[in-house]
Amino acid sequence: SHCIAHGIDMEQGLQQQIGALNRRMRAVFELAPVAIWITDAERIVFANRACATLFGASEREALIGRSIHELLAPESCEAVRRTVTQALQGAASASTIHERIARLDGHQRDVVIAIASLPDHGHTVVQMVITDISERERENRELERSRRRLRSLSASMVQAREDERRRIARELHDEL
């Protein structure tokens, strides 16, 4: 009976260690500055604070239990579903896709989503790290517009110079 008691003590010790590790893991996810959610069969089972902020939720509990497809732009659902399936079928590394999300206030944002499966018995659990790149995209579009304006300006300056050259040549020719 001494062995049984020792076994039970060890078992309880292990349970406590597992519990402590779980709490520590949750704290790491919770405090991460980047939006992370964990889904099971496409339903959100965990979301950190940064995720609530990204989606405009007052608290992360507002996201728990929802289908991820409510929070993706309609045109992004299929690509995310496909990438999740690949991740669950054992893609070696996290797949990263460029998609759009739909915040709770209806506004859409451009995001990059890194998707990786988490080991579980049903092979249905996935972690997604979501990075908002809306500002970067807006800046890129602005930069591209500026470049186009510069090219156009440059072309019209070259044209003006050509016109001026022709005019001077004509005047010189007339003078002679």
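Check the entry above for the structure.
Here goes a summary of the coordinates provided.

Conventions and cut-offs
Residues numbered from 1 in each chain as written. Predicted model: local features only at pLDDT ≥ 70, side-chain atom pairs only at ≥ 80, totals over all residues. Heavy atoms only, no water. Pairing = 2+ DSSP bridges. Helix = DSSP H or I, 4+ residues; strand = E, 2+ residues; numbered from the N terminus. Patch = residues over 30% accessible without salt bridge, like charges linked within 9 Å, V, L, I, M, F, W, Y side chains within 5 Å. Areas by Shrake-Rupley, 256 points an atom, 1.4 Å probe, with all protein chains shown as cover. Salt bridge = Lys/Arg side-chain N within 4 Å of Asp/Glu carboxyl O. Buried < 20%, exposed > 50% of the residue type's maximum accessible area, 1.4 Å probe, protein only. Axes fitted to C-alpha atoms, helices over the stretch in contact; angles between N-to-C directions. Contact = heavy atoms within 4.5 Å. Expected span 1.5 Å × (residues − 1). Arc of directions from axis to C-beta.

A look at the pairing of strand β4 (residues 108-117)
Thinking step 1. Across 8 bridges, strand β3 (residues 95-102) lies against β4 in antiparallel orientation. Bridge assignment links threonine 96 to a residue of β4, and that residue is alanine 114.
Thinking step 2. Between the antiparallel neighbours β3 and β4 lie 5 residues, among them glycine 106 with a positive phi of about 95°.
Thinking step 3. With 7 bridges connecting them, β4 and strand β5 (residues 125-132) associate as antiparallel partners. Bridging across to β5, isoleucine 115 finds its partner in methionine 128.

Regarding a nonpolar patch on the surface
Thinking step 1. Together, Leu150, Leu153 and Met157 line one region of the surface with nonpolar side chains, adding up to about 320 Å² of accessible area.
Thinking step 2. In this fold, leucine 150 is placed in helix α4 (residues 134-175).
Thinking step 3. Among the residues examined, leucine 150 registers a relative accessible area of 57% and is labelled exposed.

Digging into the sheet that holds strand β2 (residues 43-47)
Within a sheet, neighbouring strands are paired by backbone hydrogen bonds and run either parallel or antiparallel to one another.
Thinking step 1. Taken in spatial order, the 5 strands make up an open sheet running β2-β1-β5-β4-β3, and their pairing is antiparallel. Because the sheet does not close on itself, it has two edges, and the strands there are β2 and β3. Averaged over all adjacent pairs, the angle separating strand axes in this sheet is 35°, with direction ignored.
Thinking step 2. Packing against the sheet, helix α3 (residues 77-88) makes contact with β3, β4 and β5, and its axis sits at approximately 15° to β4.

Considerations on α3
Thinking step 1. Taking 1.5 Å per residue as the helical rise, α3 with its 12 residues ought to reach 16 Å, and the 16 Å between its terminal C-alpha atoms agrees with that figure.
Thinking step 2. Restricting attention to buried positions, one finds in α3 the residues Cys77, Ala79, Val80, Thr83, Val84 and Ala87. Considered in projection along α3, the buried side chains sweep an arc of 165° and stay on one side of the axis.
Thinking step 3. Buried residues along α3 sit in contact with β3, β4 and β5.

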